[in-house]
Amino acid sequence: SHYILSVFDEMFWRSKKDKGEKSSSSKRATVQPDGSLNVQQPPTTRPEIEALITRAIATAQRCSATLRQVSKDADVDEFTFTVDIVGNALGKLQQSMQPTYALQQKLAQFNATLDSFERLFQTSSTAKLAEKLSSARRRPIFAQEAIRVQTELRLALDASGAAIGSSSDLATDEALKQRLTDSFSSADVRKLWESLFAGENVTAVEWDTFLEAYEKATGSKLTSDDDNLLKHVLDNDSVGGVTARSFNHFLKIFGPLNSSLTNIRSLFKQKWFHGFLTVEEVVRLLSDQPPGTFLVRFSRSKPDSFVLEYVESKGKIRTTMIKNDMPRGVRIMEEATVEKVFPSITDLISNYSSIMKYPFVSDFLSQPWFFGDISTEEATEMLSSRPVGTFMVRFSDSGRFSYVLSFVAKDESQNAVPGSHVVKHLDIWKVPSGYTLGAEQAAQGSAPSSSSSPLKHRIEDEKGHTVYPSLSKLIHEWKSVLRFNFSTHRVPSLKLVDFGEALAPIDLSGPGNIAGTGIRVGHGPGFSHVCAQNAVTYPKDSYPWQIVCDQFAVRILGNRTVFALADGCGWGARSRLAAVKASQSIIDRLGNRAMQTSLIDTSDIRRILLRSFSYAHDAIVENEEAPGTTTLVAGMLVEYENPANPQEVEHGVVFASVGDCKAYIWSTKEQRVIDPTSGNRTNLRDAKDPGGRLGPWVNDGPDLRNLATFFWPLSPGDIVFAVSDGIHDNFEPECCGITPAATAQRLKSNPLVPASVIKAGEEAGESWDKISDTDMEPLKVFYQTDKVKQLLAQTSSGNPIDSFAVATACVNNALQMTNNSRTFMEQNPTKPEPSDHVAYPGKMDHATVIALQAAAYFPKSQLKFHKPTEISANATLGSVLAAVSGAAQMPTPPTSSSSSSSTTSTKGSSSSFSDQGKIESFKAVSANAGPCEKLSEKLLLNAPTVAVADYISNEYVKLLTGPSSAAEGEMKLGSMASGWSTSTFPVIKQPDGTRARIADPNNTFYSVELTPTRITLAISSSSNWGTAAAQGSAAANRIFLDAISRFQPHMKSIVEAKIGCLRAFDMAHQQLVSMGTDAKITAGLLAALLLRFKENPRKWTMLVTTIGSSKVFLWRKADGVVRDITRGSAPADRSDNGGRLGDYTAAGAPDLRNLTMYSSEVEEGDIVFALSPSAQNNFEPDVLGDDPQDLDDLTDDDKATWGSLLQSNPQRLCDAKDAYRCTQLGDMFSEHSDDLTPSLVTKSVVQHCQDKTKKTRSFMEANPYAKEPSDYKTYPGKIGHIACLAVRVGTVPKSELQSNSLLPTMFEPLLKSSK
């Protein structure tokens, strides 16, 4: 039923309805007498859809007519091609479509996008439009919107089921095909394009696809610099792909293809080449240069040509077009009718050296802060939403001054409001010896007089102006004010403070599948450093929507914190699984030492974040037949050097977002709420459109329309809080039933709100339909931030605001705002959700917030600082998985003479290891050893000294971790490994009417690492229930795997491997102790390490370390017999866990009663499998309803009971149960003796546990207040959290490596881009 319900799209509650009545546009699900679900789609008529198609065609025709008016003055072919495709495709659709509700929704969304595209062309004159289309800053906006139009057209066509939607090419009529053909200068170029991308009519390809084909065709391996250079040339508009037309231009300029990269590199090395300058910029740059000065640039009107500009005489600039026809050469018209041809542009420049004497050289054109031809109005608009200290340098609007410095400053005027800022503009005069600062311009009436400028004290009188030799020097001198260079991607380049790593990171994640949960960490009462809370605001009886699709993850690493919040789109298990994979993938990518030490500045974080989003998408779609989709916001809180004083440390947050999750900031200094993500919801008219998502959406790829990155500086105590739309939609005035006029009225008391925003709201009156998108965005943003500030004040009641107060305020508001709607739905379960937002305000949804405070969680003295290092190309999993501290050395117990050099401890210190002495010769263990290692002498008495094969990781490293979410199911690595975790607990109706599975979330976790010579598997469980217990079990598992992965290269023998396992167990114990919640967190852990023999590659040795009651078994391929490797490890009494890691005693010590190590030889093809406590319990004779007398040789006493045997001879009982388990498991696998696989093992075990507990589960669901039955004859089986992990001994088959059937590791090595 979960699967069926998960396929309901998000229109279930969101359809437009008549007030209080069931409308024809609503969609409901009803339960039939036979228990099946009947889903009623809202009726859709052909005229409704035809009206949408007609409207879209008319819009496209208007766009086409406008574009043709400016075609002589600007390059508009790409845009006219887009709108002509729209008209052609929709015309065909009109003839063949079948009216469906899905098609109606997609066409409505497409019309909104097309309207947005048309608004870009609405200008006062064609000249102004031509200027926009030629602008280096504005043109990318048109290009990106054109791609968006084509993308959403494809979605609409796919929804129609028409054949036209199945092709990647939309140009289906002959005229458009001919235009595509005309894109190529020759048949050879077209054939090359078709051979690269396998399609006759492919109009464009994504950037990654192009790079892959380029590398294959040229036989070259591209560096990150090559990638950036090619993208700069081929995709200067940042569209994200390569069109057939741009590819043709590329070859005409830099061809042939095999030599193109060499030709690009050669050109960009020339001093006289300046890329994509505009005509206006060239005039400004050359107007004061001496005769003979020249430069070459790309032509914007003719993309396959260059333009040569040179100063002929003072004030006179001559322009000459250079036509490219490579590899034949370049052409230039020397006279009106005389054309000359040169082998290359360099040869052309050399030929005219008598005229072109001085190449124009600039120290600022390549600087990230220089933006060329930007007006004062545009600069003010671009900077107004950026933090104080953001700046840019541009050309002056007038010819009187050379340049203008535009920057954001605090408003220091007499009547300034605390927290307000202004955009200021200072003229920069060009003088013979350099540059000087002039007077401040008035910027839209918002800038104060120059007398209050923060730079005024450095500007002397008119004759004493300070002269700076270059613009770069000027910027450097004013770093105290000019702190962050303006960047279109919003992230300036700031040098990071070295990474300070904590002994063990703190991990928070959730909420799993439990609604209304929260978790926090902090220092002392009344203070929370990080707090996460979740609620479900849907009606109580809407059980399907209790599958919580919001998922968060946080890792406090030391002086950096990584966070992620994902909101699965729609409902159901698939959506939640997508959110879990996305959020955890971010933590896995960023939350390790190797990655953190590779980061040098904030721009590195941005680059890695975007790459991590790509990996998150891959994780969602990998090994899933029908994966879900999710929105995502993720980033890092970091420390960086003060640009003006590198000795000072400052705080900031860098994050990325796709979809409609948002991040706000509470500023303690300014006492206000800031929304850096304002504008990320691209479709303000439709809350159902998140604007973007990860997972299969556009041709099985992600929807990246609103993917963006952000930066904001923080002061100590500031709070960053990321929220799902279930939180921030309930701050939104329209959703809360407040009109534009009422919104404006409420904002009048806020002095930070501009008068223009208030006016727009008042003029719109009572209808949001009467306000433009441009005016709607700031009106809503100011209302939202103002409302959050008021909520924080109410929640904190005058106390300092911490992360707990922020999270509580957000969740409580979501619950309160939706109370009326929720109550109505609960009282009227057959009626649709009310659409009257005045009477029923708010939006019901999953609502999640994670709040993080900008403050040091760990004292500096407890951090180990690392200098930045590059991640090498052959980095191994062990080096990248360094999520916990400790030297990447073999854990070598020191001799007595070296014990003082060991710095290992149980709690609170570094876990580095001494490298003195040999393990084979040690006589004493260091006094600072962890509790597990202190048992080394006993556990290593019989350890063999066999040499094992070296650790090899450069062939492959494959990782599997699970469960992937609270949802049930299998995860596997091809034929090599399988993991399955589930819950056999009953689903009980709660007193409040809701239904929930008891004992959730699942507290069992597993992991596997495969390499050619080593296999590691671990399974962990907790003896307690609840989120904290599950967190602890997951942490113990992950920390063990992280630690053992780093020890692997140094383990050369069984003895060394045993020491490594014990040390890794100690580190897992330290992690549990350090998690520091009110409840003690403990976990059982079993780990098996398989090491290939050095002398006999077919033989392996298995080393098992276990504490608790999980067990590991071996199925031998040679005889099909199952053996219990851990015989005697689990107590005969199920109520006794045997032992556990974590804070078991008051002193924080673990329970090590049954810490045991086992070893056994295994061969390739054998299967090793581990069972969690609840899983192995379901193979015990008493649990399955057998009597003691049913077991051979257990007892001769006819009156003996299981209880009496436990008292009289527990060891014999334990041995008998071990043998019984093996028999049961062997019988289960006997029919698969020739073809048993890890997947069959896990599936069989899980199915067995579910079948055996079925009666007990049914009884408890029918009797929710009764205890679990103890009569195993009537109710066999033991309910619990079930986990089974199975691995085939050996190396991964080459066929699976080549076919990529294995799930790629989430920690594969990364190459850092060169700076």
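These numbers come from a predicted model, not from an experiment. (Residues numbered from 1 in each chain as written. Predicted model: local features only at pLDDT ≥ 70, side-chain atom pairs only at ≥ 80, totals over all residues. Heavy atoms only, no water.)

Our next topic: the overall build of the protein chain. Per the secondary structure count, the protein chain includes 35 helices and 45 strands. By the burial criterion, 58% of the 1315 residues in the protein chain qualify as buried. In the structure as shown, the protein chain presents an accessible area of about 52,800 Å², 49% of it carried by carbon and sulfur atoms. (Helix = DSSP H or I, 4+ residues; strand = E, 2+ residues; numbered from the N terminus. Buried < 20%, exposed > 50% of the residue type's maximum accessible area, 1.4 Å probe, protein only. Areas by Shrake-Rupley, 256 points an atom, 1.4 Å probe, with all protein chains shown as cover.)

So, about the pattern of salt bridges. The tally for this structure, following the rule as stated, stands at 37 salt bridges. Of the charged contacts in the structure, one is a salt bridge between Glu 312 and Arg 318, with a shortest N-O distance of 3.3 Å. Look at Arg 318 and you get partly exposed, because its relative accessible area is 38%. Close ionic contact of Asp 1182 with Lys 1217 constitutes a salt bridge, the shortest N to O distance being 3.5 Å. Here Asp 1182 is found in the loop between helix 30 (1173-1177) and helix 31 (1202-1208), whereas its partner Lys 1217 is found in helix 32 (residues 1210-1229), with 35 residues between them in sequence. For the pair shown, Asp 1182 and Lys 1217 are each scored as buried. (Salt bridge = Lys/Arg side-chain N within 4 Å of Asp/Glu carboxyl O.)

This paragraph deals with the packing of helix 10 (residues 224-234) against helix 12 (residues 260-268). Contact pair helix 10 / helix 12: the axes reach a minimum separation of 11 Å and the direction vectors enclose 85°. If you check the angle between helix 10 and helix 12, you find them roughly perpendicular. Every residue of helix 12 that contacts helix 10 at Asp 226, Leu 229, Leu 230, His 232 and Val 233 is listed here: Leu 261, Ile 264, Arg 265 and Phe 268. Partitioning the contact of helix 10 with helix 12 into residue classes produces six nonpolar, one polar and two charged. (Axes fitted to C-alpha atoms, helices over the stretch in contact; angles between N-to-C directions. Parallel < 35°, antiparallel > 145°, perpendicular 65-115°, else oblique. Contact = heavy atoms within 4.5 Å. Nonpolar A, V, L, I, M, F, W, Y, C, P; charged D, E, K, R; others polar.)

Here helix 33 (residues 1238-1252) is 15 residues long and its end C-alpha atoms lie 21 Å apart, about the 21 Å a rise of 1.5 Å per residue gives. Among the residues making up helix 33, those that are buried are Pro 1238, Val 1241, Thr 1242, Ser 1244, Val 1245, Val 1246, His 1248 and Cys 1249. (Expected span 1.5 Å × (residues − 1).)

With that settled, consider a negative patch on the surface. Taken together, the side chains of Asp 1192, Asp 1193, Asp 1196, Asp 1197 and Asp 1198 present a region of like negative charge at the surface. Structurally, the position occupied by Asp 1192 is in the loop between helix 30 and helix 31. (Patch = residues over 30% accessible without salt bridge, like charges linked within 9 Å, V, L, I, M, F, W, Y side chains within 5 Å. Lys, Arg positive; Asp, Glu negative; His and termini not counted. Charge placed at Lys NZ, Arg CZ, Asp CG, Glu CD.)

Core analysis: the largest hydrophobic core is formed by 44 residues, its most contacted members being Phe 210, Leu 230, Phe 247, Phe 250, Phe 306, Leu 308 and Leu 348. In terms of residue count, helix 11 (residues 244-254) provides more of this core than any other element does, six residues in total. If sequence neighbours within four positions are ignored, Leu 308 has contacts with Phe 294, Leu 295, Val 296, Arg 318, Thr 319, Thr 320, Ile 322, Leu 348, Ile 349 and Met 356. With 35 residues, the next largest nonpolar core counts Phe 1047, Leu 1085, Leu 1141 and Leu 1152 among its residues. (Core = buried A, V, L, I, M, F, W, Y, C linked by side-chain atoms within 4.5 Å.)

This part covers the packing of helix 22 (residues 755-764) against helix 23 (residues 773-796). The geometry of a pair of packed helices is captured by two quantities: the angle between their axes and the separation between those axes. Two elements in contact, helix 22 and helix 23, have axes separated by 9 Å at closest approach and are oriented at 105°. When the axis of helix 22 is compared with that of helix 23, the two are roughly perpendicular. Residues Val 757, Ala 760 and Gly 761 of helix 22 pack against Asp 775, Pro 778, Leu 779 and Phe 782 of helix 23. Residues that form the contact of helix 22 with helix 23 fall into these classes: five nonpolar, one polar and one charged.

So, about empty space enclosed by the protein. Enumeration over the complete set of coordinates arrives at 12 cavities of 30 Å³ or more. Taken as a whole, the second largest cavity holds about 150 Å³ of empty space. What lines the second largest cavity is a set of 18 residues, among which Asn 559, Thr 561, Leu 637, His 651 and Ala 855 lie closest to the centre. Of all the secondary structure elements, the ones that give two or more residues to the lining of the second largest cavity are strand 19 (550-558), strand 21 (630-641) and strand 22 (649-658). With three residues, the single largest contributor to the lining of the second largest cavity is strand 21. (1 Å grid on protein atoms, 1.4 Å probe; cavity = no way out; pocket = protein on both sides within 12 Å on 5 of 7 lines; lining within 4 Å. Points joined across faces, edges and corners; volume = space filled by probe spheres on them.)

What follows is about the sheet that holds strand 6 (residues 305-313). Sheet architecture is open: six strands sit in the order 9-8-7-6-5-10, paired in mixed fashion. The sheet is open, and its two borders are formed by strand 9 (339-342) and strand 10 (358-359), each paired with just one other strand. Here strand 6 runs beside strand 7 (residues 316-324); their pairing, made up of eight bridges, is antiparallel. By the bridge assignment, Glu 309 is partnered in strand 7 with Thr 319. Most of the contacts of helix 13 (residues 279-286) go to strand 5 (residues 293-298), to which it runs at about 165°, and overall it touches strand 5, strand 6 and strand 7. (Pairing = 2+ DSSP bridges.)

Within the fold, Tyr 310 resides in strand 6. As a C-alpha pair, Tyr 310 and Tyr 358 span 48 residues in sequence and 9.2 Å in three-dimensional space. Setting aside anything within four residues of it in sequence, one finds Tyr 310 in contact with Thr 293, Phe 294, Lys 316, Ile 317, Arg 318, Thr 320, Ile 355 and Met 356.

Our focus in this paragraph is the side chain of Ser 1172. Relative to the helices and strands, Ser 1172 is located in the loop between strand 44 (1167-1171) and helix 30. Ser 1172 sits in the buried class, given a relative accessible area of 0%. Within the structure, Ser 1172 has its side chain in polar contact with the backbone oxygen of His 1281 (distance 3.4 Å). Only 3.0 Å separates the side chain of Ser 1172 from the backbone nitrogen of Ala 1283, close enough to count as a polar contact. Residues in contact with Ser 1172, not counting those within four places in the same chain, are Thr 1004, Ile 1019, Ser 1110, His 1281, Ile 1282 and Ala 1283. (Polar contact = N/O pair within 3.5 Å; in protein donor to acceptor, adjacent residues only side chain to side chain.)

What follows covers the pairing of strand 27 (residues 708-714). With six of seven residues buried, strand 27 lies mostly within the body of the structure. Where strand 22 and strand 27 come together, seven bridges link them in antiparallel fashion. Opposite His 651, over in strand 27, you have Leu 714 as the bridge partner.

What follows covers the side chain of Asn 1002. Along the polypeptide, Asn 1002 turns up in the loop between strand 35 (995-997) and strand 36 (1005-1010). Judged by relative accessible area, Asn 1002 falls into the buried class, the value being 13%. Within the structure, the side chain of Asn 1002 is placed 2.9 Å from the side chain of Ser 981, a separation counted as a polar contact. Within the local environment of Asn 1002, its side chain forms a polar contact with the backbone oxygen of Thr 982, the two atoms lying 3.4 Å apart. The residues contacting Asn 1002, other than those within four sequence positions of it, are Ser 981, Thr 982, Ser 983, Ala 1030 and His 1281.

Quick look at the state of the cysteines now. By definition, a disulfide links two cysteine residues through a covalent bond between their sulfur atoms. Counted according to the given criterion, the structure contains zero disulfides. With no disulfide of its own, Cys 661 has Cys 569 as its nearest cysteine by sulfur position, at a separation of 8.7 Å. (Disulfide = S-S within 2.5 Å.)

What follows is about helix 2 (residues 46-69). Counted at 1.5 Å a residue, the expected span for helix 2 with its 24 residues is 34 Å, and the 35 Å between its end C-alpha atoms agrees. Of all the positions in helix 2, only Ile 49, Leu 52, Ile 53, Ala 56, Ile 57, Thr 59, Ala 60, Cys 63, Ser 64 and Leu 67 are classed as buried.

Within strand 18 (residues 530-536), seven of the seven residues are buried, leaving the element largely enclosed by the surrounding structure. Neither face of strand 18 is open: one carries Val 530, Ala 532, Asn 534 and Val 536, the other Cys 531, Gln 533 and Ala 535, and all of them are buried. The pairing of strand 18 with strand 29 (residues 846-853) spans seven bridges and is classified as antiparallel. From the neighbouring strand, Gln 533 faces strand 29, where its bridge partner is Val 849.

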